[in-house]
Amino acid sequence: MSAPGSHPSPRVVVIGAGIVGCSLADELTARGWNDVTVLEQGPLPAPGGSTSHAPGLVFRTSPSKTLTAFAQYTVEKFTSLEPDGVPCFRPVGGLELATTPQRLADLHRRAGYAAAWGVRGEIVDAARCKEFWPLLDASVVLGGFHTPGDGLARALHASRAQLDRATARGARFLDRHTVTGIERRDGRVTGVVTDRGTFPADHVVSAAGFWGPVVGRMAGVDVPLQPLAHQYARTGPLPDLSGATAEASKPILRFQDRDLYFREHTDRLGIGSYAHRPLPVDPFAVPAYDEARDRNMEMPSSYPFTPDDWAPSWEDCRRLMPALREAEIESGFNGVFSFTPDGMPVLGESRALRGFWLAEAVWVTHSAGVAKALAEWMVDGRPSLDVHECDLTRFEEAQRSPAYIRERGSQQFVEVYDVLHPLQPMERPRPLRVSPFHPRQERLGAYFLEGGGWERPHWYEANSELVTSLTLPDRDDWSARHWSPIAAAEARVTREGVALYDMTPLRRLEVTGPGALDFLDRMTTNNLRKRPGAVTYTLLLDDTAGIRSDLTVARLAPDRFQVGANSPADLDHLLRHAPDGVHVRDITSGTCCVGVWGPLARDLVQPLTPDDFSHEAFGYFRVKETYVGHVPVTAMRLSYVGELGWELYTTADLGLRLWDTLWEAGRELGVIAAGRSAFNSLRLEKGYRAWGTDMTDEHDPYEAGVGFAVRMDKADFVGRAALERAGEPARRLTPLLLDDPAAVVLGKEPVHVDGTPAGYVTSAAYGYTLGRCVAYAWLPAGLAAGTGVHVEYFGEKVPATVADEPLFDPEMTRIRR
């Protein structure tokens, strides 16, 4: 990504000299971008933000592969930094305790994440926990998860070490500079205004921590984070730790069943609590550094300790560690941290203000990894690992209101240490977004989960009587959550009859204008130069051939296309690159879609439409604008479940009429409404990929098994040169069938080949047609069909076998009838 002007290095201004700003300056200057100015409103080296009070605990393992990678790099980098001979990371290890059977099971799941992402760890018994932490009452402990490579980061030392390295390469750090404005011209950032002058810039990065929304408002850019105060206390000297000389020697400790963590401070303990009520902080009301001192606050990020909030946690501490029963709290504060609606950082460049970047809601644990990714993004045009979970575009417009950000950010605080199921929906604010079919779905007893703010039916209680004819294996408690055997019945009806699926939440874009065809053909991999009426599955790649997204492009007219996309990032990406005269807009909210799928789909739809829906007249991957009853629809002959059928689109105002028309006409055919649970099972039986889960921009099309969507014989397209240089894949997205018909896995489990972790599961669901659980996993290339592997599920090695794909209807006869 080149910056304007003739400067030998782009002018970068970073706002905030906490751990993220210092790390970013180091990473940018290491890549040759040396004209870096870091502005800080407080005094260096401890300017008073979250970095200045961070307790420094680094547990690397997360359900997010990306966050784990960030943490792994942070540990690696901080380990190499030793300003004045003092290491910036102390690998004392980490220990997470279980005092309930539910937590112990969850620790086995976390051990699976660790194995999948490459973090060394093991489940240990209560006696071993006691050896690590003699202060524990082992009688209340059931076991623990020990990670020897975790430990303590000295955030201020690491900040200073990176500040010194960046300064040596040409960067400058200016403290006591309060940012008061962001200058811009023609949609691009041009400078940063402070109380001590203006700094011209080609790129500006907001790494302001909980002040991020304040800086964002100056730039006209939303920063969806909510600061909250979190309690941290230190005990007085403990007799059991007397004589200690090292800052810490025992593993950092989590007691998640009571929302607590512990670390040593030589002969004292530091204790943090998430057990108290959420304490939201208004970022616009946080005092400046000197004002905070005038209010008897140690720093702006350190609010007064609230003993009443602390009291229950202190009793929990004393029950866990009897040595604390005679101890007292010597000091404490309520430290301010940043939380987003989904608990992930906010990274990337604003499209509304080019050159304005965010690196916000980043904790010390992930700081250096985030800085490396953002520096790669700025210098090379993309990070070297997938960061779509952190992309600033990921939130829908309905998820950006101040009320939503406050409520969801506060709930993220509450859930920091909760045992969360991967399908567990947020409890509020709901319902937020509903399709036009929602009243009918409620009447049918829909069990709703949530995604992107949408209420999404996973099954319908109205179909419960269909279960009586099925024989299904029992499920364990975990996989039975947010699941019902009704899903199996709905899948069966889809395979044997006809079902209606609400596909409204799938993103729809409209691309129009005289250059629309050339634009889309250049941006994607497949051949779009087909006559109107054609639908094409294609890929958005980046310059390294990583899969940014997969799209379904319907050519409705010579210069009008409907594009089925995935995330808000797809819209953002297309808008960034659309030439003059080409218009791209999101039409999702104003439209709706019903998927009509099953062997009887034609019997249902044909009598309702004046057009010929026969296979000869309306082939697979074709589109027609027609009518269903009184309702104008765009009908696409597509199927994500492997059965005959159509996606029927209309405007939101006509959605209920469309549903009712199909429902009434389908009664004599036994039509049902079916949910996402059945849908996911059916799509995995066909091997259909889900972008963001099965494949991301870390993968190329041939690794991911979607090379059929690449046409190297067409004109140039984004990513083509990288594909021409690509060698044979070293890994592949591989289908597995679990050997035991009763076994189920859910995703993100490690896969062992010859006894060693060799990859991880992306998507998994029980294949009701096949009578086996289907799992897709990233594994080394060359594993032949029939090869035995093991999937680790809650510590148990579950046998599975590599399979050929597609697992169901490989001849595609059911779709093309």
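Residues numbered from 1 in each chain as written. Predicted model: local features only at pLDDT ≥ 70, side-chain atom pairs only at ≥ 80, totals over all residues. Heavy atoms only, no water.

## Regarding the packing of helix 1 (residues 19–30) against helix 6 (residues 155–168)
At step 1: Between helix 1 and helix 6, the least distance of the axes is 8 Å, while the angle of their chain directions is 30 degrees. Judged on the interaxial angle alone, helix 6 and helix 1 are roughly parallel. Seen along the crossing, helix 1 lies across helix 6 with a hand that is left-handed. For the pair helix 1 and helix 6, contact is made by Ile 19, Cys 22, Ser 23, Ala 25, Asp 26 and Thr 29 and by Ala 155, Ala 158, Ser 159, Gln 162, Leu 163, Arg 165 and Ala 166, respectively. (Axes fitted to C-alpha atoms, helices over the stretch in contact; angles between N-to-C directions. Helix = DSSP H or I, 4+ residues; strand = E, 2+ residues; numbered from the N terminus. Parallel < 35°, antiparallel > 145°, perpendicular 65-115°, else oblique. Left-handed = near helix turned anticlockwise from the far one by under 90°. Contact = heavy atoms within 4.5 Å.)

## So, helix 17 (residues 655–666)
Think of an α-helix as 3.6 residues a turn; residues three or four steps apart then line up on the same face.
At step 1: Taking 1.5 Å of rise per residue, 12 residues should cover 16 Å, and helix 17 covers 17 Å from first to last C-alpha, within 8% of that figure.
At step 2: Every buried residue belonging to helix 17 is among Gly 655, Leu 658, Trp 659, Thr 661, Leu 662, Trp 663 and Gly 666, and all of these are buried. (Expected span 1.5 Å × (residues − 1). Buried < 20%, exposed > 50% of the residue type's maximum accessible area, 1.4 Å probe, protein only.)

## Here's the deal with the nonpolar core
At step 1: Formed by 50 residues in total, the largest nonpolar core has its most connected members in Leu 28, Phe 70, Phe 78, Phe 173 and Val 205.
At step 2: Here this core gets nine residues from one element, more than from any other, and that element is helix 10 (residues 367–380).
At step 3: Filtering out sequence-adjacent residues up to four positions away, Val 205 remains in contact with Val 12, Val 13, Val 14, Ile 15, Leu 24, Trp 357, Ala 359, Leu 374 and Met 378.
At step 4: Grouped together as the second largest cluster of nonpolar side chains are 45 residues, Val 623, Val 751, Ala 775 and Val 802 included. (Core = buried A, V, L, I, M, F, W, Y, C linked by side-chain atoms within 4.5 Å.)

## Focus: the sheet that holds strand 8 (residues 151–153)
At step 1: Strand order in the open sheet made by the three strands is 3-8-4, with antiparallel pairing throughout. A strand with exactly one partner marks an edge of an open sheet, and here the two such strands are strand 3 (57–58) and strand 4 (89–90).
At step 2: In the sheet, strand 3 pairs with strand 8 via two bridges, with the strands oriented antiparallel. When the bridges of strand 8 are listed, Leu 57 appears paired with Leu 152. (Pairing = 2+ DSSP bridges.)

## Regarding the pattern of salt bridges
At step 1: Under the criterion given, the structure shown has 56 salt bridges.
At step 2: Where Glu 407 meets Arg 428, a salt bridge forms, and the shortest distance between an N and an O atom there is 3.1 Å. Highlighted residues: Glu 407 in helix 11 (residues 402–414) and Arg 428 in the loop between helix 11 and helix 12 (438–443), separated in sequence by 21 residues.
At step 3: The class of Glu 407 is partly exposed, set by a relative accessible area of 28%.
At step 4: Residue classification places Arg 428 among the partly exposed positions, given a relative accessible area of 43%.
At step 5: The salt bridge partner of Glu 510 is Arg 585, with a shortest N-O separation of 2.9 Å. Here Glu 510, found in strand 25 (residues 507–512), pairs with Arg 585, found in strand 29 (residues 583–586); they are 75 residues apart in sequence, far enough to count as distant.
At step 6: In this structure Arg 585 comes out as partly exposed when scored by relative accessible area, which is 47%. (Salt bridge = Lys/Arg side-chain N within 4 Å of Asp/Glu carboxyl O.)

## Structural notes on a positive patch on the surface
At step 1: Among the surface-exposed residues, Lys 530, Arg 531, Arg 622 and Arg 711 lie close enough to one another that they form a single positively charged patch.
At step 2: Given a relative accessible area of 71%, Arg 531 falls into the exposed group. (Patch = residues over 30% accessible without salt bridge, like charges linked within 9 Å, V, L, I, M, F, W, Y side chains within 5 Å. Areas by Shrake-Rupley, 256 points an atom, 1.4 Å probe, with all protein chains shown as cover. Lys, Arg positive; Asp, Glu negative; His and termini not counted. Charge placed at Lys NZ, Arg CZ, Asp CG, Glu CD.)

## Examining unusual backbone geometry
At step 1: A cis amide bond links Leu 44 with the next residue in sequence, Pro 45, at an omega value of 15 degrees.
At step 2: Inspection of the secondary structure assignment puts Pro 45 in the loop between strand 2 (36–39) and helix 2 (50–53).
At step 3: Residue Glu 805 is joined to Pro 806 through a cis peptide bond whose omega torsion reads 0 degrees.
At step 4: Non-glycine residue Arg 176 carries a positive phi angle of around 55 degrees.
At step 5: For Arg 176, the position within the fold is in the loop between strand 9 (172–174) and strand 10 (179–185).
At step 6: By relative accessible area, Arg 176 is classed as partly exposed at 31%.

## A closer look at helix 14 (residues 516–523)
At step 1: Within helix 14, six of the eight residues are buried, leaving the element largely enclosed by the surrounding structure.
At step 2: On the buried face of helix 14, the contacting elements are strand 25, strand 26 (535–541), strand 27 (547–557), strand 28 (560–565), helix 15 (568–577) and strand 29.

## Here's the deal with the environment of Asp 202
At step 1: Among the secondary structure elements, Asp 202 is positioned in the loop between strand 12 (197–200) and strand 13 (203–206).
At step 2: In this structure Asp 202 comes out as buried when scored by relative accessible area, which is 3%.
At step 3: Through-space distance from the C-alpha of Asp 202 to that of Gly 355 is 6.3 Å; in sequence the pair is 153 residues apart.

## Overview of the side chain of Ser 9
At step 1: Residue position: Ser 9 is located in the segment before strand 1 (12–15).
At step 2: For Ser 9, the side chain forms a polar contact with the main-chain nitrogen of Asn 34, separated by 3.1 Å.
At step 3: Apart from residues no more than four positions distant in its own chain, Ser 9 is found in contact with Gly 32, Trp 33, Asn 34 and Asp 35. (Polar contact = N/O pair within 3.5 Å; in protein donor to acceptor, adjacent residues only side chain to side chain.)

## A few points about the packing of helix 3 (residues 65–80) against helix 10
At step 1: Taken N-terminus to C-terminus, the directions of helix 3 and helix 10 make an angle of 105 degrees; their axes are 6 Å apart at the nearest point. Overall, the two elements helix 3 and helix 10 adopt an arrangement that is roughly perpendicular. For the pair helix 3 and helix 10, contact is made by Phe 70, Tyr 73, Thr 74, Lys 77 and Phe 78 and by Ser 367, Ala 368, Gly 369, Val 370, Lys 372 and Ala 373, respectively.
At step 2: Residue classes in the contact of helix 3 with helix 10 are distributed as six nonpolar, three polar and two charged. (Nonpolar A, V, L, I, M, F, W, Y, C, P; charged D, E, K, R; others polar.)

## Brief notes about the packing of aromatic side chains
At step 1: Per the stated rule, a full pass over the model turns up 29 aromatic pairs.
At step 2: Aromatic side chains Tyr 447 and Trp 459 sit 4.2 Å apart centroid to centroid with 5 degrees between the ring planes, which places their arrangement in the stacked category. Residue Tyr 447 is located in strand 22 (residues 446–451), and its partner Trp 459 is located in strand 23 (residues 454–460); the two are separated by 12 residues in the primary sequence.
At step 3: For Tyr 447, a relative accessible area of 29% gives the class partly exposed.
At step 4: Ring geometry for Tyr 620 versus Phe 621: centroids 4.9 Å apart, planes at 85 degrees, classification edge-to-face.
At step 5: Residue classification places Tyr 620 among the buried positions, given a relative accessible area of 14%.
At step 6: Taking relative accessible area as the criterion, Phe 621 reaches 25% and is therefore assigned partly exposed.
At step 7: Grouped by ring-pair contacts, the aromatic residues Tyr 232, Tyr 261, Tyr 274, Phe 333, Phe 337, Phe 339, Trp 363, Phe 413 and Tyr 417 constitute a single cluster.
At step 8: It is Arg 731 that lies over the ring of Trp 778; its NZ or CZ is 5.4 Å from the centre. (Phe/Tyr/Trp six-rings, centres within 6.5 Å; stacked < 30°, edge-to-face > 60°. Lys NZ or Arg CZ within 6 Å of the ring centre and 35° of its normal.)

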